[in-house]
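# An overview of the molecular structure
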2 protein chains.
Amino acid sequence: MAGESDVPCICPLEGVIDTISKKWALLIIHVLGNHSRLRFNGLAKELEGISPKTLADTLALLRKEGFVGREAFPEIPPRVEYYLTEDGRELWEAILPLLTWTLKREHLTHEACKGRCRKPAGHRR
Amino acid sequence: MAGESDVPCICPLEGVIDTISKKWALLIIHVLGNHSRLRFNGLAKELEGISPKTLADTLALLRKEGFVGREAFPEIPPRVEYYLTEDGRELWEAILPLLTWTLKREHLTHEACKGRCRKPAGHRR
DNA sequence: CGGGATCCTAGGGGATACTG
DNA sequence: CAGTATCCCCTAGGATCCCG
């Protein structure tokens, strides 16, 4: 449509950025997108290399944002499961194109992680 | 779903994350997506609040990544124009769903930025 | 005008140890 | 098992000044 009224402003982008710019947030979203439910240590294992603190922090943020849900079972030992909410699933879908494009584009660099894939992301630097 | 193969691996995500997690990177991509070309101070104006250093740094990164091109004109005073490369344009398109979804989702929160919204970036290309 | 050079700070995020 | 509680470090990014 004409002119400038079809998209209001870019402020909303800032909102997402606060979320997705957290180093592990997208990874968590993505991992939870593939497994229906995961426990704390399950996540920690998938996201190889993340520290418990960071995982806890990021999960807390994602819960606050409404992307991730949490269910705790009163058992011993404790069991807690995390999963994507509807919103989280929508976010995940919203970033899939990005992931897809990236896959295509980085399949050269991709060699670099040949052996370690799946076994997700050792963020070594 | 037990499988490990339904989704290849999330390593590529790390790549993008490095880029999109830069606080202003996506904004720049998006702004450049809407204006065909912009000068340094033009960008600075659109991205109200960014410091010259950060803008320069981020532009340098985006150029290194191949998302943004730069053309300098040997004039006085100097004129430099930035624009999206093909890759940059693809990236921009890859994040459009994210933007769209965000727009829809945050139109509540959107009130929060009532006053400070900048010039509406119309998506025409 | 477009940035480079400096300095400085908040806080994100790693490591480790501890607890309910 | 699922987190807290600490400590510590590092870098992104703001502010400022200056120069070609």
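Scroll up to find the structure.
Basis of the calculations
- Residues numbered from 1 in each chain as written.
- Chains lettered and ligands numbered in written order.
- Predicted model: local features only at pLDDT ≥ 70, side-chain atom pairs only at ≥ 80, totals over all residues.
- Heavy atoms only, no water.
- Near = heavy atom within 4 Å.
- Polar contact = N/O pair within 3.5 Å; in protein donor to acceptor, adjacent residues only side chain to side chain.
- Helix = DSSP H or I, 4+ residues; strand = E, 2+ residues; numbered from the N terminus.
- Nonpolar A, V, L, I, M, F, W, Y, C, P; charged D, E, K, R; others polar.
- Pairing = 2+ DSSP bridges.
- Contact = heavy atoms within 4.5 Å.
- Axes fitted to C-alpha atoms, helices over the stretch in contact; angles between N-to-C directions.
- Core = buried A, V, L, I, M, F, W, Y, C linked by side-chain atoms within 4.5 Å.
- Buried < 20%, exposed > 50% of the residue type's maximum accessible area, 1.4 Å probe, protein only.

### Considering the protein's contact with DNA strand D
- Looking at DNA strand D, there are 17 residues lining it, with R39, R70 and Y82 of chain A together with K23 and T54 of chain B nearest.
- Across the atoms of DNA strand D situated within 4 Å of the protein, the share located in sugar and phosphate is 75%.
- Here a phosphate oxygen of DNA strand D sits 2.8 Å away from a polar atom, N or O, in the main chain of K23 of chain B.
- Residue assignment for the surface near DNA strand D shows that the elements contributing at least two residues are α3 (40–46) and β3 (79–84) of chain A together with α4 (52–65) of chain B.
- Tallied by class, the residues present in the surface near DNA strand D amount to seven nonpolar, three polar and seven charged.

### Some remarks on the protein's contact with DNA strand C
- Among the 17 residues in the neighbourhood of DNA strand C, the closest are listed as K23 and T54 of chain A together with N41, R70 and Y82 of chain B.
- Those atoms of DNA strand C that come within 4 Å of the protein belong to sugar or phosphate at a rate of 74%.
- One of the side-chain nitrogen or oxygen atoms of K22 of chain A is found 3.3 Å away from a sugar or linking oxygen of DNA strand C.
- Here a phosphate oxygen of DNA strand C and a side-chain polar atom of T54 of chain A are 3.0 Å apart.
- If one sorts the elements of the surface near DNA strand C by residue count, helix α4 (residues 52–65) of chain A sits on top with three residues.
- Its residues placed into classes, the surface near DNA strand C shows eight nonpolar, three polar and six charged.

### Here's the deal with the sheet that holds strand β2 (residues 68–73) of chain B
All names here are of chain B.
- Judged by pairing direction, the sheet is antiparallel, and its three strands sit side by side in the order β1-β3-β2 without closing on themselves. With partners counted over all chains shown, the strands left at the sheet margins are β1 (38–39) and β2, one partner each.
- Sheet topology note: the β1/strand β3 (residues 79–84) ladder contains two bridges and is antiparallel. The residue of β3 that forms the bridge with R39 is E81.
- Helix-sheet contacts for α4 involve β2 and β3, and the interaxial angle to β2 is about 115°.

### Looking at the nonpolar core
- The biggest cluster of nonpolar side chains holds 62 residues, and the ones touching the most others in it are I28, L43 and L47 of chain A together with I28, L43 and L47 of chain B.
- Per element, the largest residue contribution to this core is nine residues, and it comes from helix α5 (residues 86–105) of chain B.
- Excluding anything up to four places from it in sequence, L43 of chain B contacts I28, V31, L32, L38, L55, L59 and Y82 of chain B.

### Points about the sheet that holds β3 of chain A
Residue and element names in this part refer to chain A.
- If you trace the three strands from one edge of the open sheet to the other, you get β1-β3-β2, paired in antiparallel fashion. Here the strands that pair on one side only, and so sit at the sheet edges, are β1 (38–39) and β2 (68–73).
- Both β2 and β3 contribute to a ladder of six bridges, which runs antiparallel. Looking at the pairing, G69 lines up with Y83 of β3.
- Lying on the sheet, helix α2 (residues 25–34) is in contact with β1, β2 and β3; it crosses β3 at an angle near 95°.

### What to know about the environment of P78 of chain A
All names here are of chain A.
- Mapped onto the fold, P78 is located in the loop between β2 and β3.
- Measuring from C-alpha to C-alpha, the distance between P78 and T102 comes to 38 Å, with 24 residues separating the pair along the chain.
- Leave out the neighbours within four places in its chain, and P78 touches R39 and F73.

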